[in-house]
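# Results of the structural survey
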Amino acid sequence: MTGQLLTLLTPLALLLLVGLADLSLASVDDDEDYYMQEMLTRERYNQVRLPENPISSTADAREEVKQNPAKNMPKGEVENKKKDKITDPTKSVKAPSRKTVKNKKSSLKESNSITVVQEFNSMTEECPPIGLETLKIDDFQLHASSTKRYGLGAHRGRLNIQAGLYEDDLYDGAWCAGRDDPLQWLEVDARRLTKFTGVITQGRSSLWSSDWVTSYKVMGSNDSHTWITLKNGSVDLLHMETCFLCLRLIGPNRKMNSCWKIITGEDVNACLFPSLMNCEIFSGNREKEIPIQNIFPSPVVARYIRVNPCSWFYGGSICMRMEILGCPLPDPNNYYHRRNEVITTDDLDFRHHSYKEMRQLMKVVNEMCPNITRIYNIGKSQSGLKLYAIEISDNPGEHEVGEPEFRYTAGSHGNEVLGRELLLLLMQFMCLEYLSGNQRIRHLVEETRIHLLPSVNPDGYEKAFEVGSELSGWSLGRWTNDGIDIHHNFPDLNSILWEAEAKKWIPRKMLTHHIPTPEWYLSKNASVALETRALIAWMEKMPFVLGGNLQGGELVVTFPYDRTRSQGVTREQTPTYDEHVFRWLAFSYASTHRLMTDASRRVCHTEDFAKEDGTINGASWHTAAGSMNDFSYLHTNCFELSMYVGCDKFPHESELPEEWENNRESLLVFMEQVHRGIKGVVRDLQGRGISNATISVEGIGHDIRTAADGDYWRLLNPGEYRVTARAEGYSLVTKKCEVGYAIGATRCDFTIGRSNLFRIREIMEKYNKQPIRLPVRQFQAHRPRERRLGT
């Protein structure tokens, strides 16, 4: 039977080697940037000196196994005998000597090999992702043997990349090979020597297709022509037993593939290749969304790394998304070295924090700045975790008349972790800068009451945090423990408003602002998360003027409305009464972000928001009823926007310093916008503030109300406005208020007196007298007589 198996495997092995030799030359043909990379860097890499007797191919490796009996010795003995010979590959990289430059043949021979670090335990450094998901690896660094179409090209083979609702030729959810055979590959050019330590893979993001790779090989190279195949270091016993079962039952004939597919649902190559390649196969995915990580038994130092699918889901195609784990080696002469790297100078705690660590960090900030901070909670999650917030103000715990209130929230989707960490960094930054005397921060703290709520959904975050930044996928931890999406769990007030407008009830029966919450939503049986109820109570209690909720997975700022007005339409421009104000607020964040308005940046997934200045009306992107933004606008005074602060929802903590630099200025600038527009106090003739007075701006069909002390803030763009203040029992007063371009709200106070009708009622109630109310018929009967008496 062994002879028959070898007879079957020999042609297949030859076909594989011929295919790899041909495909290794199949790099990008028309890519000018690719050729520039090669001219600038390949010659120098060809001169890198590596250890002697390198393993240049899998054939050489097998020959060495046959000739070297030490390979068959126990692992412990081999390590003890060769321990002194093992060196750090980073130390083997030397500058080329003149002899090396002259001897082209020897230099080429050395360059065609990669360094395999044989002692993994001695190198304890855990390497982060090299940047496929975060877009640090650009499209020109990704190559493939073939592609099904442009939208499924190598540039789409990034971990967690998402396809659009309607898959097209531009933005699909994976790299898919043009042919389904074991000769296909997806390659990454790191553009510098890198210590590769692992691979993470996913299947294709698609609502209509089921495609993923179930096993694959990994190869490395320094020149993209000669490759070495990495060893897995272990054998999947169940995998091999199934192979041998097929061989015993049927034998190595044409029905072997059918047997294997019946048992495993995979292609027969998954059975043949482990025995052929001596355990070079890595286990892939079992479905298309959950990421699978494989850590190499020994790291490999190379410039290029290639993933070669060996088997794939039966009935599907070769499609995959991936991330590579690796540490770039020191190389100051590299043209690409630190070219786009951002380094922060802020001394902050750049790491991911568990719930307990988050609470401890907030406590540390409070202890550092006790005079300007206060920690409180707004409620509890479904599992009982408190929803902690921190207040930053010169008088924490107290609402000061004339001082606007601002809020940032994050983590409504528990797996969108970047926003959570940005708020933790922001509170540290503001405390330290306040203590150091930063005038900008001091002015912001003294003139604004700021609230930061970093984790709206701590239950979901804990799920994602437990798995880790690269393995949580796209949705693990997004929802609450009850399976509810908090951000879209608010009452749908849009439908109530639009129905009232259609029936012409406005303003006679209903107003366009402070629309009450429906009774059904307040019932105990309503599908409302505890976290959502806590948010609503918080929003109703505090007189917030402006707010932003930080989310992830994109680079864009969205503003209300988030629901389309037309029924059955998934995308439609649906403006509010304050469309121009919202556009300015969104642009203030996007324009100061390092990447959002960069027209040259790569699209995160399917939408090029940079063409729209990094902003978009929520309903124009995708409709969603009951959003936090729409509810805040229609139920309270607060203008709420959503900031999608990064393509990667859960970036590796090594990315946090750069993400902080990307968003720091935007976070501060957006907070400062709370001081744009008009502000003032509505008082009566005795100088007492009037609460719940209505402030109307001519030409804008959305009003706001005064706070408990009669103070108000109305966000407006620069211009001249006619503003009216009215309250029940008072006469209305109108005046002109002018808004300038400089930051700082224009003062516009109102003093209003009692109306005549209210004064009459007040006098009569004071003396216990009631007005004479004659029946209508009796009143009409007396009218003619009174007229005759008067003539």
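Rules used in this analysis
Residues numbered from 1 in each chain as written. Predicted model: local features only at pLDDT ≥ 70, side-chain atom pairs only at ≥ 80, totals over all residues. Heavy atoms only, no water. Helix = DSSP H or I, 4+ residues; strand = E, 2+ residues; numbered from the N terminus. Buried < 20%, exposed > 50% of the residue type's maximum accessible area, 1.4 Å probe, protein only. Contact = heavy atoms within 4.5 Å. Areas by Shrake-Rupley, 256 points an atom, 1.4 Å probe, with all protein chains shown as cover. Pairing = 2+ DSSP bridges. Phe/Tyr/Trp six-rings, centres within 6.5 Å; stacked < 30°, edge-to-face > 60°. Salt bridge = Lys/Arg side-chain N within 4 Å of Asp/Glu carboxyl O. Patch = residues over 30% accessible without salt bridge, like charges linked within 9 Å, V, L, I, M, F, W, Y side chains within 5 Å. Core = buried A, V, L, I, M, F, W, Y, C linked by side-chain atoms within 4.5 Å. Disulfide = S-S within 2.5 Å. Axes fitted to C-alpha atoms, helices over the stretch in contact; angles between N-to-C directions. Parallel < 35°, antiparallel > 145°, perpendicular 65-115°, else oblique. Left-handed = near helix turned anticlockwise from the far one by under 90°. Nonpolar A, V, L, I, M, F, W, Y, C, P; charged D, E, K, R; others polar. pLDDT = per-residue confidence, 0-100.

Next up on the list: the overall build of the chain. For the chain, the helix and strand inventory stands at 22 helices and 25 strands. Split into buried and exposed, the 791 residues of the chain put 54% on the buried side. Considering only intrachain contacts with a sequence separation of at least 6, the fraction spanning at least 24 residues in the chain is 77%. Accessible area of the chain: about 37,200 Å², with a carbon and sulfur share of 52%.

Let's shift gears to the sheet that holds strand β23 (residues 733-739). Strand order in the open sheet formed by four strands is β20-β19-β22-β23, with antiparallel pairing between adjacent strands. Each of the sheet's edge strands pairs with one partner strand only, and the pair in question is β20 (704-705) and β23. Taken together, the four bridges between strand β19 (residues 694-697) and strand β22 (residues 719-726) define a ladder with antiparallel strand orientation. Bridge pairing links Ile-695 to Ala-725 in β22.

Per the counting criterion, the structure on display carries 22 aromatic pairs. Pairing Trp-212 with Phe-313 gives two aromatic rings, centres 4.2 Å apart and planes at 25°, and the pair type is stacked. Separated by 101 residues along the polypeptide, Trp-212 in the loop between β4 (186-202) and β5 (213-221) and Phe-313 in the loop between β8 (292-312) and β9 (319-328) bring together distant segments of the chain. Residues Phe-582 and Tyr-633 carry aromatic rings whose centres are separated by 5.5 Å and whose planes lie at 70° to one another, so their mutual orientation is edge-to-face. Note that Phe-582 is positioned in helix α17 (residues 579-590) and Tyr-633 in helix α19 (residues 628-635), a separation of 51 residues in sequence.

If the charged atoms of two oppositely charged side chains come close together, the side chains can form a pair. The tally for this structure, following the rule as stated, stands at 35 salt bridges. In this structure, Asp-349 engages Arg-351 in a salt bridge whose closest nitrogen and oxygen atoms are separated by 3.1 Å. Note on Asp-349: relative accessible area 22%, which makes it partly exposed. Its relative accessible area of 30% is what places Arg-351 among the partly exposed residues. Residues Glu-391 and Arg-374 are paired through a salt bridge, measuring 2.8 Å at the closest nitrogen-oxygen approach. Remark: Arg-374 occurs in strand β10 (residues 373-380) and Glu-391 occurs in strand β11 (residues 386-392); sequence separation between them is 17 residues. Its relative accessible area of 0% is what places Glu-391 among the buried residues. A residue is classified by how much of its surface remains accessible, and Arg-374, at 26% relative accessible area, is partly exposed. Connected through salt bridges with shared partners, the residues Arg-374, Glu-391, Glu-405 and Arg-449 form a single ionic network.

On the surface, a nonpolar cluster with roughly 540 Å² of combined accessible area is contributed by Leu-165, Tyr-166, Leu-207 and Trp-208. Positionally, Leu-165 belongs in the loop between β2 (142-144) and β3 (175-176).

A few words on the nonpolar core. Of all hydrophobic cores here, the largest spans 89 residues; its most connected members are Tyr-408, Met-430 and Leu-641. Sorting elements by how many residues they give to this core places helix α11 (residues 417-436) first, with 11 residues. If we skip the residues at most four places from it in the chain, Leu-641 touches Leu-546, Gly-547, Gly-548, Asn-549, Val-557, Thr-558, Phe-559, Phe-582, Leu-585, Ala-586, Asn-629 and Phe-670. Ranked by size, the runner-up nonpolar core spans 28 residues in total, among them Ile-130, Ile-137, Ala-177 and Val-213.

Under the defined criterion, the tally for this structure stands at five disulfides. With its sulfur 1.9 Å from that of its partner, Cys-127 forms a disulfide with Cys-327. For the disulfide bridge between Cys-127 and Cys-327, the dihedral angle about the S-S bond is near -120°, and by the sign convention the bridge is left-handed. With Cys-127 in the loop between β1 (115-116) and β2 and Cys-327 in strand β9, the pair connects residues that are 200 residues apart, well separated along the chain.

The next point concerns the sheet that holds strand β13 (residues 449-453). Spatially, eight strands are ordered β10-β11-β13-β12-β14-β17-β15-β16 in an open sheet, and the strand pairing comes out mixed. Every interior strand has two partners, whereas the edge strands, β10 and β16 (615-617), have only one. Across the sheet, the mean angle separating the axes of adjacent strands is 25° when strand polarity is ignored. Pairing of strand β12 (residues 405-410) with β13, which is carried by five bridges, proceeds in the parallel orientation.

Most of β4 is tucked away, with 17 of its 17 residues classed as buried. Where β2 lies against β4, three bridges are found, and the strand directions are antiparallel. Paired with Ala-144 across the bridge in β4 is Leu-186. Pairing geometry for β4 and β9, over eight bridges, is antiparallel. Its bridge partner being in β9, Lys-195 is matched across the sheet by Cys-327.

Here the focus is the environment of Phe-544. Tracing the backbone through its elements, the reader meets Phe-544 in strand β14 (residues 544-551). A C-alpha to C-alpha distance of 7.1 Å links Phe-544 and Arg-407, two positions 137 residues apart in sequence. With residues near it in sequence (within four places) discarded, Phe-544 still touches Glu-405, Phe-406, Arg-407, His-451, Trp-538, Met-539, Asn-637 and Cys-638.

The topology assignment puts Glu-579 in helix α17. Beyond its immediate chain neighbours, meaning those up to four positions away, Glu-579 contacts Phe-559, Pro-560 and Gln-573.

Attention now goes to the pairing of β9. Taking burial as the measure, the 10 residues of β9 include nine buried ones, the bulk of the element. Two strands pair when backbone bridges link them, and β3 and β9 are joined in this way by two bridges, in the antiparallel orientation. Counterpart to Cys-176 in the pairing with β9 is Cys-319.

Okay, the packing of α11 against helix α20 (residues 656-672) next. At a minimum axis separation of 10 Å, α11 and α20 run at an interaxial angle of 70°. Here α11 is positioned roughly perpendicular relative to α20, judged by the angle of their axes. The hand of the α11/α20 crossing is right-handed. Across the interface between the two elements, Leu-418, Glu-421, Leu-422, Leu-425, Leu-426, Phe-429 and Met-430 from α11 touch Leu-656, Glu-659, Trp-660, Asn-663, Arg-664, Leu-667, Leu-668 and Met-671 from α20. A breakdown of the residues in the contact of α11 with α20 according to their chemical character gives 11 nonpolar, one polar and three charged.

Now for the environment of Glu-728. One can find Glu-728 in the loop between β22 and β23. Separated by 35 residues in the primary sequence, Glu-728 and Ala-693 have C-alpha atoms spaced 7.6 Å apart.

What follows is about the confidence of the model for the chain. Residues with a pLDDT of 70 or more make up 74% of the chain, whose mean pLDDT is 81. Low confidence marks residues 1-111, where pLDDT is under 50. Its contacts with residues over four positions away, or in another chain, come to 131 contacts. Across residues 262-278, confidence stays below pLDDT 50; counting only partners more than four residues off in sequence or on other chains, it has 58 contacts.

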